[in-house]
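Single-letter residue listing:
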Amino acid sequence: MTKKIVDKYLILLLVILIEGAFVMEVELLGAKLISPFYGNSFKMWTAVITISILALTIGYFIGGFLSKRQKKLEILSFLLLFSGIWIGLMPKLSHALIELNLEMDLFTGAIRTSIFLLVIPIVLLSSTTPLVTQLFSDAEKNGAQAVGKVFALSTLGGVVSTIILGFYVVPLFGLSIVFVSSAIILLVLSLFIKRGIVNYFLFGIGVILVFNYNSFSADISEKFGNSEFLSIEEGMMGQLKVLEDRYPQVDTSYRTLIINGIPQTIIINDEHASSFWNYVHKISALSTLKRNKDAVLFGMGGGSIASELTKMGLNSLTIVDVDARMYDISEKYFYFKKGNSNLVVDDARHFIKTATRKFDLAVFDVCSGEVQPSNVFTIEGISDLDEILNGDAIVLIQYQELTNESKKSGSQSLCKTFNKAGYHTYVDIEKGEIDNIIIVASKKDVNFKNVRKENLNRNDSIQPWMDAFLSNLPKKADTKRGVLLCDDKPQLEILNEETIMHWRNNINLHYNIPNIRQKTVFVK
């Protein structure tokens, strides 16, 4: 085998590895580009995966026709070149497409944006697979072996890409630099495959477009009015933003932690770091029933609940969050002081299954963006939870729900499932456009009269509504519109779908859409 043939063979191997890696990159990170606006719900991911698979199907079909052409290497070069240009522009294109579809309903907008953003690069990249397969088949005279080799290498590229991007590159560098770097790799690789006047010309155009990415984005700002993004982090667990809103006329500012476009924590920006959300103070007040005991908090967020719990004299506080970034962000931007707490980076259900100690208080604030995790609150999950709770332990759950008396209820389903597991359940419902609900569950009857104002923290006791809350503490839960939740039929997100869509639409209307129109930072 001559050196020229060997070089061509190695380049083709590299092409198929890169094709597999970059197809996976476009699918995963393309969805991450639009998730701050359209959300991270199961419905949205289903749409993105469906569109991606459809694009792969189209690409393989087109590639099959192209593999019969004579100038296969030239075609392969052009496919890589145009896919590189598109991938390099994806961060900017995602912003433009979201803005173009602002007036559409959430799901339709997500579908259209995903189609225009993802289909073209996936079709171009996947079209290379049949071409390379044919080239290998021609060289080796063995079609089956060529097919197996190509798809194995492509899959391997996808596996390696997912691991490297998810655990290392995206958390360190963000999304935009990944797309631009990938574009440069594809543009250079296209010239290794075929060189000619047209190839060099298109390569030059592609390089100009990609390297001018920053100048295209020069009007994107981290400041707008009296507000400023203090931090923007991308990762496979989602996008995190820290926003500071200043109101100089009243000498006040607020800090907000935004996860995938949804405000998750809001505090008054001073040394007390009091939460803007009522539920934080209610949970903290109810937690005084277990002062001097051992507690576990599922969901760190910006650390508002964790901060209040560390002040109330618990014996110990274990904080469980699947995203390791939360602890650092809480300390750096939200005045969280570690105290006697310790962070365990783990999934809530996995921690419950593997924990070796028992707790007297379990607090769940596990909403990711607008989505409650279905895997935690099932009859099987609650049975596992029993194993790490003492007999008189109390469980507190934060939940939000759009009340619709004609439909099944997610909050009532949670209560019904806890009841089935032998718990007494109580609820505090703060009525609003979307009800803020605190669910209390315990194997023993809970005496709420022991929640007294003199035991509350400073941030809780000064709330103007606290006296009314203490005189109208949680009542027995209604479960008539509830269904039993189990691992075999995870329904919580489906039951809460209307709330998820309503919450996301409201946040987009009042926060994300104005920011997009003001050209503020959307992705890093």
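Numbering of residues begins from 1 in every chain and follows the order in which that chain's sequence is written. Owing to the predicted nature of the model, reporting of local features is limited to residues with pLDDT of at least 70; listing and counting of side-chain atom pairs is limited to 80 or more, with chain, interface and lining totals taken over all residues. To get the side-chain values, all heavy atoms of the structure are used, and hydrogens and water are removed first.

**Quick notes on the overall build of the chain**
The condition is simple: Secondary structure elements follow DSSP: runs of H or I no shorter than four residues count as helices, runs of E no shorter than two count as strands, and numbering proceeds from the N terminus. Buried, partly exposed and exposed residues are distinguished by accessible area as a fraction of the type maximum, computed with a 1.4 Å probe on protein chains only: under 20%, between the cut-offs, and over 50%, respectively. Only heavy atoms enter the contact rule, under which two residues are in contact if any of them lie within 4.5 Å. Computed with the Shrake-Rupley method and a 1.4 Å probe, the accessible areas treat only the protein chains shown as cover for residues.
In terms of regular secondary structure, the chain is built from 19 helices and 13 strands. Counting the 524 residues in the chain, one finds 56% classified as buried. Residue pairs in contact within the chain that sit at least 24 positions apart in sequence constitute 73% of those at least 6 positions apart. Summing over all exposed atoms, the chain offers an accessible surface of approximately 22,800 Å²; the carbon and sulfur share of this is 61%.

**Regarding the sheet that holds strand β13 (residues 475-476)**
For the record, the criterion: Here, strands pair whenever DSSP counts at least two bridges between them.
A sheet is described by the order of its strands in space; here eight strands give the open sequence β8-β7-β6-β9-β10-β12-β11-β13, paired in mixed fashion. Every interior strand has two partners, whereas the edge strands, β8 (341-345) and β13, have only one. For strand β6 (residues 294-298) and strand β9 (residues 359-364), the ladder comprises four bridges, and the chain directions are parallel. When the sheet's bridge partners are listed, Ala295 is paired in β9 with Leu361.

**Observations regarding the packing of helix α3 (residues 72-100) against helix α7 (residues 176-193)**
How we decide: Angles run from 0 to 180 degrees between N-to-C directions of axes, and those axes are lines fitted to C-alpha atoms, restricted for helices to the stretch in contact. Note that the term roughly parallel is reserved for angles under 35 degrees, roughly antiparallel for angles over 145, roughly perpendicular for angles of 65 to 115, and oblique for everything else. Take the far helix as the reference: if the near one is turned anticlockwise from it by less than a right angle, the crossing is left-handed, and if turned clockwise, right-handed. Residues were grouped as follows: Ala, Val, Leu, Ile, Met, Phe, Trp, Tyr, Cys and Pro as nonpolar; Asp, Glu, Lys and Arg as charged; and all remaining residues, including Gly, as polar.
The N-to-C vectors of α3 and α7 enclose an angle of 165 degrees; their axes lie 8 Å apart at closest approach. Relative to α7, α3 is oriented roughly antiparallel. Both α3 and α7 take part in a crossing whose hand is left-handed. Along the contact surface, α3 presents Leu73, Leu76, Ser77, Leu80, Leu81, Ser83, Gly84, Ile85, Ile87, Gly88, Met90 and Pro91, while α7 presents Ser176, Phe179, Val180, Ser182, Ala183, Leu186, Leu187, Leu189, Ser190 and Ile193. Classifying every residue of the contact of α3 with α7 by side-chain character gives 15 nonpolar, seven polar and no charged.

**Thoughts on the side chain of Thr417**
By the element assignment, Thr417 lies in helix α15 (residues 410-420). When near neighbours in sequence (up to four residues on either side) are disregarded, Thr417 contacts Thr378, Ile379, Ile382, Val483, Leu484 and Leu485.

**A few points about a nonpolar patch on the surface**
Our working definition: Like-charged residues within 9 Å of one another, or nonpolar side chains (Val, Leu, Ile, Met, Phe, Trp, Tyr) within 5 Å, are grouped into patches, provided each residue has over 30% relative accessible area and no salt bridge. The salt bridge criterion pairs a side-chain nitrogen of Lys or Arg with a carboxyl oxygen of Asp or Glu, the two atoms within 4 Å.
Together, Leu156, Val159, Val160, Ile163, Ile164, Phe167 and Tyr168 give the surface a local cluster of nonpolar side chains, amounting to about 680 Å² of exposed area. Inspection of the secondary structure assignment puts Val159 in helix α6 (residues 143-173).

**Re the environment of Tyr9**
The topology assignment puts Tyr9 in helix α1 (residues 3-38). For the pair Tyr9 and Val132, spaced 123 residues apart in sequence, the C-alpha to C-alpha distance is 9.9 Å.

**Quick notes on the environment of Leu361**
Here Leu361 lies in strand β9. Spatially, the C-alpha atoms of Leu361 and Ser287 are 7.4 Å apart, while their sequence positions differ by 74 residues. Not counting residues within four places of it along the chain, the set of residues in contact with Leu361 comprises Ser287, Lys290, Asp294, Ala295, Val296, Ile394 and Leu396.

**Quick word on the pattern of salt bridges**
Using the criterion set out here, one finds 17 salt bridges in the structure. With a shortest N-O distance of 2.7 Å, Arg255 and Glu244 are connected by a salt bridge. With Arg255 in strand β4 (residues 252-259) and Glu244 in strand β3 (residues 240-247), the pair connects residues that are eleven residues apart, well separated along the chain. Across the pair, exposure class does not vary: Arg255 and Glu244 are buried alike.

**Quick notes on the pairing of strand β11 (residues 424-430)**
Along any regular strand, the residues point their side chains to alternate faces of the sheet. Two strands pair when backbone bridges link them, and β11 and strand β12 (residues 435-442) are joined in this way by seven bridges, in the antiparallel orientation. Bridge pairing in β12 links His424 to Ser442. What sits between the antiparallel neighbours β11 and β12 is a turn of four residues. Of the pairings in the sheet, the one linking β11 to β13 comprises two bridges and is antiparallel in character. Among the inter-strand pairings, Val427 is bridged to a residue of β13, identified as Lys475.

**Observations concerning the pairing of β3**
For β3, a buried count of six out of eight residues is recorded, marking the element as mostly surrounded by other parts of the structure. Note: strand β2 (residues 227-233) against β3, six bridges, orientation antiparallel. Along β3, the bridge assignment pairs Ser227 with Asp245. The pairing of β3 with β4 spans eight bridges and is classified as antiparallel. Across the sheet, residue Lys241 finds its bridge partner in β4, namely Ile258.

**Section: empty space enclosed by the protein**
To keep things clear, this is the line we draw: Detection works on a 1 Å grid of protein atoms alone, calling trapped sets that fit a 1.4 Å probe cavities and calling open sets with protein on both sides within 12 Å along at least five of seven lines pockets, with lining residues defined by an atom within 4 Å of a point. Grid points are joined across faces, edges and corners, and a volume is the space filled by probe spheres set on the points.
According to the stated counting rule, one finds four cavities of 30 Å³ or more in the structure shown. What lines the largest cavity is Ala31, Ile34, Ser35, Tyr38, Gly39, Asn40, Met44, Trp45, Val48, Ala110 and Ser114. Sorting the residues of the lining of the largest cavity by element identifies α1, α2 (42-66) and α4 (106-126) as the ones contributing at least two each. Sort the elements by how many residues they give to the lining of the largest cavity and α1 lands first, with four residues. Here the residues of the lining of the largest cavity are counted per class, giving seven nonpolar, four polar and no charged.

**Here we look at helix α10 (residues 278-287)**
With nine of its ten residues buried, α10 lies for the most part within the structure. For α10, every residue scored as buried is listed here: Tyr279, Val280, His281, Lys282, Ile283, Ser284, Ala285, Leu286 and Ser287.

**Regarding helix α12 (residues 325-333)**
Looking only at α12, the buried set comprises Arg325, Met326, Tyr327, Ile329, Ser330 and Tyr333. Contact partners of the buried residues in α12: β2, β3, β4, β5 (262-268), β7 (316-321) and β8. Tyr335, located one to two residues past α12, shows a positive phi value of around 60 degrees.

**Quick look at the nonpolar core**
Applied cut-off: Working definition of a nonpolar core: buried Ala, Val, Leu, Ile, Met, Phe, Trp, Tyr and Cys residues. They are joined through side-chain atoms within 4.5 Å.
By size, the foremost hydrophobic cluster in this structure holds 53 residues, and its most contacted members are Leu76, Met90 and Val132. Looking at this core, the elements with two or more residues in it are α1, α2, α3, α4, α5 (128-140), α6 and α7. The biggest single contributor to this core is α1, with 15 residues. If we ignore the near neighbours within four places in the chain, the residues touching Val132 are Leu12, Val15, Ile16, Leu76 and Val150. Counting residues in each nonpolar core, the second largest holds 43 residues, with Ala273, Ala306, Leu309 and Phe469 among its members.

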